[in-house]
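Commentary on secondary and tertiary structure
Here is what each chain is made of, one letter per residue.
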Amino acid sequence: MSFIQKYPFNLNLLKLNQKRNTAIGIDITRSAIKIVELSKNSTGYTLEHFAVTPLPSNEQHQPQFTDTYMIGQTIQNARQQSQSKAKYAVVAVDGASVITKNISIPAGLSEDEMMEQIIIDAPKYMPYDINNMYFDFNIQGLNKINTNQLDVLLVATRKEAIESKIAILTHAQLKPKIIDVETFAIGNALPLLASQLPYRIDDKTIAVVDMGANFTTLHVIHHTRSIYTRELAFGGHQLTHHISQTYQLTQVDAEYAKKQGDLPEGYITTILEPFKQNIVQQIQRSLQFFSASQNNHRIDSIILLGGCSGIDTLVSTALNLPTCVANPFIDMTYSSNINPQSVSEYASSMLVACGLALRNFD
C-alpha cells in the first residue's frame, strides 16, 4: 500500500518511481524517531544504518508530537546520527486514522477502469467526504464464490494524515517514496522474526503487543494482514510516574534511573513486578475484547514490542501461548558503522521501522 504512489481523490500527487533510490524506513512514534536502512543480497538483509532519537519534550516532559517542524528537525538529527545519505523515506500513518474495507468489483477491468469503478463505489464505504481523503487499493484475487468478481482491499485516510507526514519529511529535507500504514508495516516485517517463532507465520493469527511511552497497541495479524487493532492509554510513562512519586524524583531523573536500573532496594518487588503483572492483565483484557469481536480467529502466538520486553515468560504462562520479544535484526548482518550494543538495546521497538525499510525492495 502506498498513499503516495496511488490515487488521491482531489490532489494530483505524481506517482513516484524511485526504485533506484535508497529509502530509509522512519517510524515516527509519540516519543521518538526510529530510522532503519537495509540492503539486500542473496543471503538476506544487512542493517546499513540505524538510529533512535527522542523527540524534544515540553515543560511537562511530554513529547511535542504535533509540531511538524520539530519532528522534521529531529528526523534530520536522527539521519545524521545514523550516517545515512538517503534522500527518500518511507513513513506510515497509524492504523487508527485508516479505514479499510473489503469490496468486490467486476473482473477483467484495466487498472484505469478499476480506478473509475472504485471512485464510483467508494462513497458507499467511506464515512467522510471522499474529496477530503486519499486512498489506495490492493487486488486480493478472484472472489471464491463469484469468479466474475475481484476481491479488493480498499484503504483510505483523511488528507491531513498524509499531508502532515509530507510536511514533516519536507522539514527533514527528505522526499516521501511511500506512505504506508503502520499495521501493514508490522505485517510486512513479521517474516524477519521467522527464526523466533515455532511455525510459518503466513497461515497463523498473531497478536502483536506494542508498548510505547503513553499508549499500548494490540495488532492482530492474520495471514500477515491486520484484522484488528486496539489502543490502550497505558504505557511505560506510568512506570516512570510511579517511580517519580515514590522516590520524589523529577520525571527526567526517574526515566534515567529506570533505564539505568539505579533505584533503591525494594524497587523490583514493590513497583516493577506489580507493573509487569498489570501489563499482563492489560494484554489479557485486550485479547478478550478481540475474541468477543472475532470469535472465528484463535490467537496462535504473541509477539511483544517496545516496553513489553522482559515479560514474555509472564505472558506465555498467563495465556498459555508461545510468546517472544521481537528482534527483527536477529538474522541480519551489520555494516561496519553499526553499534551492536545499541541495536540490541532498541531491537524490540524497531519492527515498524524495519517493515517500512523493507518497502524499499518492493
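Here goes a summary of the coordinates provided. (Residues numbered from 1 in each chain as written. Predicted model: local features only at pLDDT ≥ 70, side-chain atom pairs only at ≥ 80, totals over all residues. Heavy atoms only, no water.)

Some points on the sheet that holds strand 11 (residues 216-222)
Whenever strands of a sheet pair, they do so through backbone hydrogen bonds, lying parallel or antiparallel. Sheet architecture is open: 5 strands sit in the order 12-11-10-13-14, paired in mixed fashion. Each end of this open sheet is capped by a strand with a single partner; those strands are strand 12 (225-232) and strand 14 (323-325). For this sheet, the mean inter-axis angle between neighbouring strands, taken without regard to orientation, is 20°. In this sheet, strand 14 lies alongside strand 13 (residues 301-306) in parallel orientation, the contact comprising 3 bridges. Counterpart to I303 in the pairing with strand 14 is C324. The strands that helix 7 (residues 267-293) touches are strand 10 (205-211), strand 11, strand 12 and strand 13; relative to strand 12, the one it contacts most, it runs at about 130°. (Pairing = 2+ DSSP bridges. Helix = DSSP H or I, 4+ residues; strand = E, 2+ residues; numbered from the N terminus. Axes fitted to C-alpha atoms, helices over the stretch in contact; angles between N-to-C directions. Contact = heavy atoms within 4.5 Å.)

Some remarks on the pairing of strand 10
Most of strand 10 is tucked away, with 7 of its 7 residues classed as buried. Of the two faces of strand 10, the one holding T205, A207, V209 and M211 and the one holding I206, V208 and D210 are both buried throughout. Relative to strand 11, strand 10 runs antiparallel, the two sharing 7 bridges. Across the sheet, residue T205 finds its bridge partner in strand 11, namely H222. The turn linking strand 10 back onto strand 11 is made up of 4 residues. Pairing analysis gives 6 bridges linking strand 10 to strand 13, with the strands arranged parallel. Bridge assignment links V208 to a residue of strand 13, and that residue is I303. (Buried < 20%, exposed > 50% of the residue type's maximum accessible area, 1.4 Å probe, protein only.)

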